[in-house]
2 protein chains.
Amino acid sequence: MTNNSPTLFDLEEPVAKKKKTTKKTAAKSTSKGKTSKAKAPKKETAAAAKSGGRKRSNAEEMATRQRDISVSEFFTKNRHLLGFDSPLKALLTAVKEAVDNSLDACEEAGILPEIAVEITQTGENRFRMAVEDNGPGIIEAQIGKVFGKLLYGSKFHKLSQTRGQQGIGISAAGMYGQLTTGKPVRILSRTSKRKDAHEYLLTIDTARNKPDIHEAKASDWDKSHGTRVEIEMEARYQKGVRSVDMYLKQTAIANPHLTLHYTDPAEEKVTYERNSKELPPETIEIKPHPHGVELGVMIAMLKETKCRALSSFLKEEFSRVGTKVVKDVIKLAGKGLTEKSYPSRIAREEASALHAAIQKTKISSPSTSCIAPIGPELIINGLKKEVEADFYHAVTRPPTVYRGNPFQIEVGIAYGKPGGTGLEVTDEGRIRKKKKSAAEATEDLVGSADEPVRVMRLANRVPLLYQQSACAMTKGVVQTNWRQYGLQHPRGAIPLGPMALMIHIASVWVPFTSESKEALASYPEILKEIRLALQDCGRKLGTHIRKGKQLKREFEKRSYIEKYIPHIGIALQEILDLSEPQRDKTVETLEDVLHKSRKF
Amino acid sequence: MTNNSPTLFDLEEPVAKKKKTTKKTAAKSTSKGKTSKAKAPKKETAAAAKSGGRKRSNAEEMATRQRDISVSEFFTKNRHLLGFDSPLKALLTAVKEAVDNSLDACEEAGILPEIAVEITQTGENRFRMAVEDNGPGIIEAQIGKVFGKLLYGSKFHKLSQTRGQQGIGISAAGMYGQLTTGKPVRILSRTSKRKDAHEYLLTIDTARNKPDIHEAKASDWDKSHGTRVEIEMEARYQKGVRSVDMYLKQTAIANPHLTLHYTDPAEEKVTYERNSKELPPETIEIKPHPHGVELGVMIAMLKETKCRALSSFLKEEFSRVGTKVVKDVIKLAGKGLTEKSYPSRIAREEASALHAAIQKTKISSPSTSCIAPIGPELIINGLKKEVEADFYHAVTRPPTVYRGNPFQIEVGIAYGKPGGTGLEVTDEGRIRKKKKSAAEATEDLVGSADEPVRVMRLANRVPLLYQQSACAMTKGVVQTNWRQYGLQHPRGAIPLGPMALMIHIASVWVPFTSESKEALASYPEILKEIRLALQDCGRKLGTHIRKGKQLKREFEKRSYIEKYIPHIGIALQEILDLSEPQRDKTVETLEDVLHKSRKF
């Protein structure tokens, strides 16, 4: 916020002043720029004196303006990168960051999560969001840094599947609150019954990226363990496709082990009860896979390792490296490297040879115990709970790897609004019109036949609501040929149909297109898996739709036949001179034969 | 890269081991998860013992894993955020960052830029890019930090229009080179003839975000001033819409004062000569406008200011604040604030009242001398130089403001491949078919009639080549109703037509959707201006297209008439018994009358 312009012009005060006026004219009418060119001196020799003789700044002056930029300053100015670009989105982002942290903490501590989200309106454009969990709590010494420092956290340096990964989210939410209301974040946390709860009020010192603690005291919170965060901010609340409500609903679908209480600004309360008492399988932290490590990173690792021999370095710092791989790699690398080479003394050229040798050596794929997909069964359960449809299917692809990071793609579909084809086959093989069910509740998740398919995107069980068009998942949907599965599909767009499509990526490191974690970057390996999963679901969908269409044709044929059978009955009655009961009997038999002769 | 799992399980070694096996089974077949649930103990009392009695981690253990994340580590892991997600894009991003810096430096120093870009293949997947400018050079003490530290620079803290703004770009390019090849960045720089040139070889210490200088020496570079950067990296080179070639071509269009020499990997050389000897008007750094400053920022400013009275604080730290505004604001704020209130002692409540009062007070719009648009004339010149078309038009909107940041939108269009309507009006008022010109060169910039319009996006004169669909400029194009201007326009897509569309935003702070600066965030004020500019160009385009269609109809009518005039001549000859010369004369007169009686 300091103004450097005086130094800019110290050396040539009058020129600068004169220039200011010419400049203004130029800004008003750019067409005048052309004439002034003619007036400029024709010689253009000494470089700095070029272009009308103006000399604006030299290297020394420019150097005085170079300075450090704190990461909090950077993100304050670029807060849209973190998802705080509009008051509507800000509220969602803040709730999301807090809920994600709560879920991560509960799972890490092995606690079945029960989370309460409250949103209260505190002014015309102001809301307070509060998120309270039954997690393990945060020890007092860490509260300041966890909530008051960007790029601080436990999840960044390890390879395991977590919702948070950057150490930015919740501090950024607090920073946004402070930016728009000036108010500090309030944190309540307790780690066990035997210890006091702590209450903190803090802001971030953005110029220095560190917490400013306004108040810290013991509190008589009645919860035995857990954390509560309250942030007041400028925001806007609204229901709909990208609302807090939708985020929470999708979170409940993707986290069947979560019980979630939600109080909206109108004080309406919803509870999503867990339908699974099992936590997601515990994920194991893994070491990097040698095939995913880039040369530069390996050089840094060689420099920093505590191992005193190349062989132990390879075995201990990487996953899937055993004695045989070590031997093969070192032999292939050559350059005088041996198993006993001292890691930090390995020069760039040798490291490069080593890196090349690793890439050429066959090494088993990384362990996938570090990722925990939702699984087809729970996906379908989740979908059924929240989306009423005719047909459900889910696929979990086998785990695979991008840039050395294991990941897994899952896709679930819910097709057909009840009363979509409008037909079903009874147990006796009859086709009948379906009863219409109360589909109002699912309106927002399954659209009608001429609307685009509703795509639900999830990354490590977190719903992604914004930047749909920039996301690899959307690209996967658009690039899949849905026509062959019976849907209408405009070129380069989302297919049309009464369908909800859920795509989930589980990974130790989800590559997002921005810090706000709204869309997945299009790594080719990821896109390929998404397409394969979609095709798998598509084929099943195709069968279902074809069956539906066949049913419909069949139904039409039959209703046609059934329409005329009574007339045939009358005709037969006249020809064969039947009694009325005989005629009715014949008609019934005829209908029966016709039904049995068909496939359904 | 350290592995924390031992601490994770220190307390319960055997359980953890047992769990590992159950987990694996669960991962293989999630359907088994259901059965294991039944086995879990039914009581769920002590929270940490929930869910099958597993206890994974508590608050104390979790605290031991919390740590700082260096900004370079963050961006190494998230290098796609900086534009280094594929080898193809990496090359472009690196060239772009270097060229942007060169242009900024030249303009700041008042030097007409002359830049040389060389790309050399050094291995199967390796390229070296070198960018050399005639700029002011960098003083020796700064070289390390400018190229070897993220978030360091001179452009972040000031409000003025520059290409770079974050202090990340060029260091990130070097970091990518080092990551993929292990090789340092080479820098040559000289600030004046009277001083030595310096040669530096450096890498970034990513764990600490600081430069590691491998070599620094005086060099006998023959350039009198300028900078040369060389980075070797894993990359892929390819021509096309998103190539280095296209970026350089568009840079030449948007910077008519630049002379650019380019040597591609096949050693083919192209030079784009400047067609304007005038530097863009110098932009003045401005102070923040009070209406764009958020409460949190104002509170921080109050704390940090050197001013000793509220009145001088308001006048000196903000733009457009004079004595009257100060009086009005302080009166409206109330809360016991006076002109003499000591800024750093103003509490949050008073600051909040002050902030609210500022928002309610009428203050003149920010000065726009801080932004320098290209101007319609130079846009059209630029387009003409590189795009051959029938019709050109450009609009520069008046400057306006988003979040207190002045910005200006410009749009230029080049419509119709020569030989598009295929018709033109001669000086004598005749319509004739046009000669087809060599349009091959413009193939990549103007497509054919059934192809989407080619959109060129620029921000502060820098072409944006990636993430088109996520960009506010694209949204503006899609949301404009092009049908009314005579183009085909599929719903929700780019309109079709033989047209190149250039959109430029000039601003003191361009809000990008990611650090890689590829797409513009959709601030409503910006989107509105984009639409207005597009509509303006659209109307002119509509007139042109209608005129073209009218011409075509006219031409058809006339050719129809002209076809029959000879027959009328013969008929008249027979009726009036004319001689052959008389008949020809009559036909000629008839044609003449017909041409004159029409509008064209």
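Since this is a predicted model, take the numbers as computed values, not measurements. (Residues numbered from 1 in each chain as written. Chains lettered and ligands numbered in written order. Predicted model: local features only at pLDDT ≥ 70, side-chain atom pairs only at ≥ 80, totals over all residues. Heavy atoms only, no water.)

Chemist: Explain the overall build of chain A here, please?
Modeler: Scanning chain A from terminus to terminus reveals 18 helices and 18 strands. Per-residue burial for chain A yields a buried fraction of 57% across its 600 residues. A sequence separation of at least 24 residues applies to 70% of the contacts in chain A between residues at least 6 apart. When the accessible surface of chain A is split by element, carbon and sulfur atoms take 51% of a total near 26,300 Å². (Helix = DSSP H or I, 4+ residues; strand = E, 2+ residues; numbered from the N terminus. Buried < 20%, exposed > 50% of the residue type's maximum accessible area, 1.4 Å probe, protein only. Contact = heavy atoms within 4.5 Å. Areas by Shrake-Rupley, 256 points an atom, 1.4 Å probe, with all protein chains shown as cover.)

Chemist: Teacher, can you tell me more about the pattern of salt bridges here?
Modeler: A side chain with one charge may pair with a side chain of the opposite charge, provided their charged atoms come close. Residues and elements named next belong to chain B. Inspection of every chain in the model, using the stated rule, returns 57 salt bridges over all chains. With a closest N to O distance of 2.9 Å, Glu 518 and Lys 89 form a salt bridge. Taken together, the residues span a long stretch of sequence, with Glu 518 in the loop between strand 18 (499-507) and helix 17 (524-576) and Lys 89 in helix 7 (residues 87-109) at a distance of 429 residues. For the residue pair Glu 518 and Lys 89, the accessibility class agrees, reading buried in each case. (Salt bridge = Lys/Arg side-chain N within 4 Å of Asp/Glu carboxyl O.)

Chemist: Please explain the environment of Tyr 176 of chain A as it appears in this structure.
Modeler: Residue and element names in this part refer to chain A. Along the chain, Tyr 176 turns up in helix 9 (residues 169-181). Residue class for Tyr 176 comes out buried when judged on its relative accessible area of 5%. As for Tyr 176 and Leu 464, which are separated by 288 residues in sequence, their C-alpha atoms are 20 Å apart. Once residues lying within four places of it in the same chain are set aside, the contact partners of Tyr 176 are Arg 79, Phe 84, Pro 87, Ala 90, Met 233 and Glu 234.

Chemist: Before we go on, may I ask you to explain the relation of the copies chain A and chain B in this structure?
Modeler: Mapping one chain copy onto the other needs a rotation about an axis and a shift along that axis. Overlaying chain A with chain B gives an RMSD of 0.3 Å, the required rotation being 180° about an axis along which the chain moves by 0.1 Å. In the structure described here, the two chain copies are related by an operation that fits a two-fold rotation axis. Residue by residue, 99% of the interface of chain A is reproduced at the interface of chain B, so both copies engage with the same surface. (Least-squares fit on C-alpha atoms with pLDDT ≥ 70 in both.)

Chemist: Can you help me understand the sheet that holds strand 8 (residues 226-234) of chain B in this one?
Modeler: Strand pairing in a sheet is mediated by backbone hydrogen bonds. Such pairs are either parallel or antiparallel. Residue and element names in this part refer to chain B. Here we have 8 strands laid out as an open sheet, ordered 7-6-5-8-3-2-9-10, and mixed in their pairing. What marks the edges here is a single partner per strand, and that holds for strand 7 (210-219) and strand 10 (269-272). With strand direction ignored, the average angle separating the axes of adjacent strands in the sheet is 15°. Both strand 6 (residues 197-205) and strand 7 contribute to a ladder of 9 bridges, which runs antiparallel. Counterpart to Ala 197 in the pairing with strand 7 is Ser 219. Packed onto the sheet, helix 9 (residues 169-181) meets strand 3 (126-133), strand 5 (185-190), strand 6 and strand 8 and runs at close to 35° relative to strand 8. (Pairing = 2+ DSSP bridges. Axes fitted to C-alpha atoms, helices over the stretch in contact; angles between N-to-C directions.)

Chemist: Can you help me understand the interface of chain A and chain B in this one?
Modeler: Many structure descriptions define interface size as the accessible area lost when the parts assemble. In this complex, chain A contributes 122 residues to the contact, which on the side of chain B involves 121 residues. Of the roughly 10,900 Å² buried between chain A and chain B, counting both surfaces, carbon and sulfur atoms make up 54%. Linking chain A with chain B are 12 salt bridges, by the criterion used here. A salt bridge links Arg 208 of chain B to Glu 304 of chain A; the shortest N-O distance between them is 3.6 Å. Our count for the contact surface shared by chain A and chain B stands at 25 residue pairs in polar contact (both at pLDDT 80 or more). Counting residues per element, the side of chain A that touches chain B draws most heavily on helix 11 (residues 295-304) of chain A, at 7 residues. (Buried area = accessible area lost by both parts, 1.4 Å probe. Polar contact = N/O pair within 3.5 Å; in protein donor to acceptor, adjacent residues only side chain to side chain.)

Chemist: Mind showing me how you'd approach unusual backbone geometry here?
Modeler: Negative phi values dominate among residues other than glycine, just as trans dominates among peptide bonds. All names here are of chain A. Phi is positive for Glu 267, close to 65°, though the residue is something other than glycine. Tracing the backbone through its elements, the reader meets Glu 267 in the loop between strand 9 (259-263) and strand 10 (269-272). Owing to a relative accessible area of 66%, Glu 267 belongs among the exposed residues under this scheme. Despite not being glycine, Lys 517 has its phi angle at roughly 55°, a positive value. Examined against the element boundaries, Lys 517 turns out to sit in the loop between strand 18 (499-507) and helix 17 (524-576).

Chemist: Mind showing me how you'd approach the packing of aromatic side chains here?
Modeler: Applying the stated criterion across every chain yields a total of 18 aromatic pairs over all chains. Between Tyr 402 of chain B and Phe 407 of chain B the ring centres are 5.9 Å apart and the planes differ by 65°, which places this aromatic pair in the edge-to-face class. Judged by relative accessible area, which is 0%, Phe 407 of chain B ranks as buried. Members of the aromatic cluster, connected to one another through ring pairs, are Phe 74 and Phe 75 of chain A together with Phe 156 and Trp 509 of chain B. (Phe/Tyr/Trp six-rings, centres within 6.5 Å; stacked < 30°, edge-to-face > 60°.)

Chemist: What's the story with the confidence of the model for chain A in this structure? I'm lost.
Modeler: Parts of the prediction with low pLDDT should not have their coordinates interpreted in detail. All names here are of chain A. Taken residue by residue, chain A gives an average pLDDT of 82. The fraction at 70 or more is 84%. With pLDDT under 50 throughout, residues 1-53 is counted as low confidence; its partners more than four residues away or in other chains account for 59 contacts. Counting contacts from residues 435-443, a segment whose pLDDT is below 50, to residues more than four positions away or on other chains yields 10 contacts. With pTM at 0.77, the complex prediction returns an ipTM value of 0.76. (pLDDT = per-residue confidence, 0-100.)

Chemist: Would you take a moment to explain the side chain of His 198 of chain A for this structure?
Modeler: Residues and elements named next belong to chain A. Mapped onto the elements of the fold, His 198 is located in strand 6 (residues 197-205). Among the polar contacts made by the side chain of His 198, one reaches the side chain of Glu 140 at a distance of 3.4 Å. Every residue in contact with His 198, bar those within four places of it in the chain, is listed here: Glu 140, Ile 143, Ile 187, Leu 188, Ser 189 and Lys 217.

Chemist: Teacher, can you tell me more about helix 15 (residues 376-386) of chain B here?
Modeler: A turn of α-helix holds 3.6 residues, and therefore any two residues three or four places apart point the same way. Buried within helix 15 of chain B are the following residues: Ile 379, Ile 380, Gly 382, Leu 383 and Glu 386 of chain B. Seen from one end, helix 15 of chain B has its buried residues packed into an arc of 160°, which puts them on one side. (Arc of directions from axis to C-beta.)

Chemist: How should a nonpolar patch on the surface be read in this particular structure?
Modeler: Together, Tyr 560, Tyr 564 and Ile 568 of chain A give the surface a local cluster of nonpolar side chains, amounting to about 310 Å² of exposed area. On the basis of relative accessibility, which here comes to 39%, the residue Ile 568 of chain A falls in the partly exposed class. (Patch = residues over 30% accessible without salt bridge, like charges linked within 9 Å, V, L, I, M, F, W, Y side chains within 5 Å.)

Chemist: I keep staring at the packing of helix 11 of chain A against helix 9 of chain B and nothing clicks. Help me out?
Modeler: The packing of two helices is summarised by the inter-axis angle and the distance between the axes. Two elements in contact, helix 11 of chain A and helix 9 of chain B, have axes whose closest approach is 4 Å; the angle formed by their N-to-C orientations is 80°. Between helix 11 of chain A and helix 9 of chain B, the interaxial angle falls into the category roughly perpendicular. For the pair helix 11 of chain A and helix 9 of chain B, the contacting residues are Leu 295, Gly 296 and Val 297 of chain A in the first and Gln 178, Leu 179, Thr 180 and Thr 181 of chain B in the second. The residue makeup of the contact of helix 11 of chain A with helix 9 of chain B, split by class, is 3 nonpolar, 4 polar and no charged. (Parallel < 35°, antiparallel > 145°, perpendicular 65-115°, else oblique. Nonpolar A, V, L, I, M, F, W, Y, C, P; charged D, E, K, R; others polar.)

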